[in-house]
Amino acid sequence: MNISTFNAFKSRNYRLYFSGQSISLIGTWMQKTAVSWVIYSETHSKFMLGLTLFASMFPSFVFSFLGGIASDRYDRFKLLLATQMASMVQAILLTAIIFFKHYNAWEIIGLSALLGLINAFDIPARQSLVYEMVENKADLPNALALNSSMVNLSRLIGPGLAGLALEKFGQDVCFGLNAVSFIAVIGSLLMMKLPKYIEKPITKNVLGELKEGFEYIRHTPSIKFVLITLSAVSLLVLPYSTLIPVYAKDIFKGTASTFGIIDSVIGLGAFCGAIFLASLKPGRNLKRILATNTIIFGAGLVMFSHTTWYPLALVFATITGFGMMSQITISNTLIQTTVDPAMRGRVISFYAMAFFGMQPLGGLLIGFLSKWIGTPDTVMAQGVITILIGVLLFRFLRIDAEKLVHN
């Protein structure tokens with residue numbers, strides 16, 4: 001690992017953001033794991049697992065364009081501070097209903113939907129603000145890859161801790177720890193010294209600004225290409241994660257810890273993938289790496305799908321995580337490094353719609369499909385689709401290269 005892996009840490013604001021967000025994200029993953037476990041334990045329904053994912057993500061899909069416009073119009077820093085405080089309130093409410101034991105699955109799903117709504121405003125503001133936190137813009141791809149390594153390190157630690165907390169201390173402690181973790185990120189934001197916000201005149205209405213963002217994407221082929229690929233993967237492949245509790249409980253005959261460990265090794269693979277991306281020298285062909293890693297992602301899923309020996313399944317889950325990482329990180333990097341700054345919030349909101357909006361629809365689709373053909377065959381089909389998407393990506397790259405030669 002070379003020293004350039006951590007270039008973005010030269011920026012004080014980014015260092016603060018990274019440390020606060022790291023703690024908060026571990027809490028977020030603990031809550032995510034606990035919600036899935038509580039829902040599956042209460043209902044024993046694969047469909048309800050899909051519905052919970054749908055509830056937590058669909059509001060992000062519906063409202064993220066408003067989040068993108070808000071992020072381009074207003075002070076992103078204040079917007080991010082507000083969304084983090086709102087997320088903390090949501091975590092406290094979830095802890096309270098679990099603590100007093102007066103809850104049913106629908107209340108948890110309702111609070112998951114509230115978090116989805118908050119995230120619609122949080123994601124465009126947070127992703128756009130990273131650009132402002134990094135002093136040397138050449139370090140931006142590195143900052144985004146480090147961001148992903150942070151998300152995946154928390155994914156590696158969070159579910160494992162959640163499994164332990166659920167078994168040793170109970171569900172309310174697991175949710176309560178997430179509520180407490182928001183103190184770190186809110187504190188780190190308040191310590192930042194960002195350039196003074198300059199108010200921009202608002203010349204268009206919301207629909208006008210949305211249309212402008214859509215037209216910009218339509219006429220920027222490199223961004224359009226990334227968004228279409230990400231949408232397909234998010235709809236058809238990424239919802240495989242909703243079936244992990246089924247593997248933990250029914251296929252490997254395990255407990256909450258088994259579920260936490262499977263989720264953690266997927267996070268380990270993704271963390272390795274993110275560190276690999278952070279270590280790349282500037283100027284590497286990211287689209288080629290995206291295509292290669294898409295095929296690795298698919299192969300990991302195919303191998304994992306029918307494996308009944310738990311240790312081997314963990315190896316395949318790690319490979320899956322490594323390949324999956326590129327979908328999110330490289331897509332984000334390609335967008336952030338090519339987008340016009342005035343369009344940043346809106347384009348990121350379309351990225352969030354592609355990533356968060358397709359997954360809940362896919363979650364429902366995968367929930368239905370696994371009822372018909374069984375969980376292992378569903379995951380295998382998702383792996384085959386991923387490999388086909390990787391092959392198509394290589395084909396597009398070849399056509400692009402031929403066009404450049406002819407021009």
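Everything quoted here is computed from the prediction, not taken from an experiment.

### Observations concerning the overall build of the protein
Here comes step 1: Within the protein one finds 14 helices and zero strands.
Here comes step 2: When the helices and strands of the protein are read in sequence order from the N terminus, they spell out α-α-α-α-α-α-α-α-α-α-α-α-α-α.
Here comes step 3: For 407 residues, the compact-globule estimate of 2.2 N^0.38 gives 22 Å, and the C-alpha radius of gyration of the protein, at 20 Å, lies within 12% of that figure.
Here comes step 4: Taken along the three principal axes of its C-alpha coordinates, the protein extends 55 × 50 × 45 Å.

### Examining the packing of aromatic side chains
Here comes step 1: Summed over all chains, the structure comprises 17 aromatic pairs.
Here comes step 2: Ring geometry for Phe276 versus Phe322: centroids 5.9 Å apart, planes at 40 degrees, classification tilted. Of the two residues, Phe276 is situated in helix 10 (residues 256-278) and Phe322 in helix 12 (residues 310-338); the sequence distance between them amounts to 46 residues.
Here comes step 3: The class for Phe276 is partly exposed, based on a relative accessible area of 33%.
Here comes step 4: A network of ring pairs unites the aromatic residues Phe9, Tyr14, Tyr17 and Phe18 as a single cluster.
Here comes step 5: Positioned above the aromatic ring of Trp29 is the side chain of Lys32, whose terminal nitrogen or guanidinium carbon lies 4.3 Å from the ring centre.

### Looking at the packing of helix 5 (residues 140-168) against helix 12
Packed helices, taken two at a time, are described by the angle between their axes plus the distance between the axes.
Here comes step 1: Interhelical geometry of helix 5 versus helix 12 gives an angle of 150 degrees and a closest axis separation of 9 Å. Regarding the angle of helix 5 to helix 12, the classification is roughly antiparallel. Regarding helix 5 and helix 12, the two cross each other, and that crossing is right-handed. Along the contact surface, helix 5 presents Leu140, Pro141, Leu144, Ala145, Ser148, Asn152 and Arg155, while helix 12 presents Met324, Met325, Thr329, Asn332, Thr333, Gln336 and Thr337.
Here comes step 2: When grouped by side-chain class, the residues that make up the contact of helix 5 with helix 12 number six nonpolar, seven polar and one charged.

### Some words on the nonpolar core
Here comes step 1: Of all hydrophobic cores here, the largest spans 109 residues; its most connected members are Tyr14, Ile108 and Phe304.
Here comes step 2: It is helix 1 (residues 12-43) that provides the largest number of residues to this core, a total of eleven residues.
Here comes step 3: Ile108 has contacts with Val35, Val38, Ile39, Leu94, Ile97, Ile98 and Tyr103, leaving out every residue within four places of it along the chain.

### Quick word on the environment of Ile217
Here comes step 1: Mapped onto the fold, Ile217 is located in helix 7 (residues 206-218).
Here comes step 2: Each C-alpha atom of the pair Ile217 and Val302 lies 33 Å from the other, and the pair is 85 residues apart in sequence.
Here comes step 3: Contacts of Ile217, omitting those with residues within four sequence positions, involve Ile223, Lys224, Leu227, Val347 and Phe350.

### Considering the environment of Pro124
Here comes step 1: Positionally, Pro124 belongs in helix 4 (residues 105-133).
Here comes step 2: Separated by 109 residues in sequence, Pro124 and Arg15 place their C-alpha atoms 20 Å apart.
Here comes step 3: In this view, Pro124 contacts Ser64, Gly67, Gly68, Ser71, Asn119, Gly345, Ile348 and Ser349; residues no more than four positions away in its chain are not counted.

### Remarks on the side chain of Thr307
Here comes step 1: The residue Thr307 is located in the loop between helix 11 (286-305) and helix 12 in this model.
Here comes step 2: For Thr307, a relative accessible area of 10% corresponds to the buried category.
Here comes step 3: There is a polar contact of 2.5 Å between the side chain of Thr307 and the backbone oxygen of Met303.
Here comes step 4: Beyond its immediate sequence surroundings of up to four residues, Thr307 is in contact with Phe252, Leu312, Ala313 and Phe316.

### Re the layout of surface pockets
Here comes step 1: Space inside the largest pocket adds up to approximately 680 Å³.
Here comes step 2: For the largest pocket, the lining is made up of 29 residues, of which Asp72, Arg76, Tyr197, Ile198 and Lys200 are closest to its centre.
Here comes step 3: Only helix 2 (46-73), helix 3 (76-99), helix 4, helix 7 and helix 13 (344-373) provide two or more residues apiece to the lining of the largest pocket.
Here comes step 4: Among the residues forming the lining of the largest pocket, the class breakdown is 15 nonpolar, two polar and twelve charged.
Here comes step 5: Roughly 480 Å³ of volume is contained in the second largest pocket.
Here comes step 6: Around the second largest pocket, the lining is made up of 25 residues, and of these Pro141, Pro282, Gly283, Leu286 and Thr333 lie nearest the centre.

### Things to note about helix 4
Here comes step 1: In this model helix 4 runs 40 Å from its N-terminal to its C-terminal C-alpha over 29 residues, within 8% of the 42 Å that 1.5 Å per residue would give.
Here comes step 2: Where helix 4 bends most, at Asn119, the angle is about 35 degrees.
Here comes step 3: Where helix 4 begins, the capping side chain belongs to Asn104, and its oxygen is found 3.0 Å from the backbone nitrogen of Trp106.

### Looking at a nonpolar patch on the surface
Here comes step 1: Side chains of Val62, Phe63, Val89, Leu93, Leu114 and Leu117 sit close together on the surface and give an oily, nonpolar patch of about 440 Å² of accessible area.
Here comes step 2: Elements represented by at least two residues in the nonpolar patch include exactly helix 2, helix 3 and helix 4.
Here comes step 3: Looking at where Val62 falls in the secondary structure, it is placed in helix 2.

### Considering the packing of helix 8 (residues 221-236) against helix 13
Here comes step 1: Between helix 8 and helix 13, whose axes approach to 6 Å, the crossing angle comes to 25 degrees. With respect to their mutual orientation, helix 8 and helix 13 come out roughly parallel. In this structure, helix 8 meets helix 13 at a crossing whose hand is right-handed. Contacts between helix 8 and helix 13 involve Ile223, Leu227, Leu230, Ser231, Ser234, Leu235 and Leu236 on the former and, on the latter, Val347, Phe350, Tyr351, Ala354, Phe355, Met358, Gln359, Leu361, Gly362, Leu365 and Ile366.
Here comes step 2: Its residues placed into classes, the contact of helix 8 with helix 13 shows 14 nonpolar, four polar and no charged.

### Side note on the environment of Ser149
Here comes step 1: Looking at the element boundaries, Ser149 is found in helix 5.
Here comes step 2: We classify Ser149 as buried; its relative accessible area is 3%.
Here comes step 3: For Ser149 and Ser22, which are 127 residues apart along the polypeptide, the C-alpha to C-alpha distance reads 9.8 Å.
Here comes step 4: Among the polar contacts made by the side chain of Ser149, one reaches the main-chain carbonyl oxygen of Leu146 at a distance of 2.6 Å.

Criteria and cut-off values
- Residues numbered from 1 in each chain as written.
- Predicted model: local features only at pLDDT ≥ 70, side-chain atom pairs only at ≥ 80, totals over all residues.
- Heavy atoms only, no water.
- Helix = DSSP H or I, 4+ residues; strand = E, 2+ residues; numbered from the N terminus.
- Rg over C-alpha atoms; globule rule 2.2 N^0.38 Å.
- Phe/Tyr/Trp six-rings, centres within 6.5 Å; stacked < 30°, edge-to-face > 60°.
- Buried < 20%, exposed > 50% of the residue type's maximum accessible area, 1.4 Å probe, protein only.
- Lys NZ or Arg CZ within 6 Å of the ring centre and 35° of its normal.
- Axes fitted to C-alpha atoms, helices over the stretch in contact; angles between N-to-C directions.
- Parallel < 35°, antiparallel > 145°, perpendicular 65-115°, else oblique.
- Left-handed = near helix turned anticlockwise from the far one by under 90°.
- Contact = heavy atoms within 4.5 Å.
- Nonpolar A, V, L, I, M, F, W, Y, C, P; charged D, E, K, R; others polar.
- Core = buried A, V, L, I, M, F, W, Y, C linked by side-chain atoms within 4.5 Å.
- Polar contact = N/O pair within 3.5 Å; in protein donor to acceptor, adjacent residues only side chain to side chain.
- 1 Å grid on protein atoms, 1.4 Å probe; cavity = no way out; pocket = protein on both sides within 12 Å on 5 of 7 lines; lining within 4 Å.
- Points joined across faces, edges and corners; volume = space filled by probe spheres on them.
- Expected span 1.5 Å × (residues − 1).
- Bend = angle between axes of the 7 residues up to and from the residue.
- Patch = residues over 30% accessible without salt bridge, like charges linked within 9 Å, V, L, I, M, F, W, Y side chains within 5 Å.
- Areas by Shrake-Rupley, 256 points an atom, 1.4 Å probe, with all protein chains shown as cover.
- Salt bridge = Lys/Arg side-chain N within 4 Å of Asp/Glu carboxyl O.

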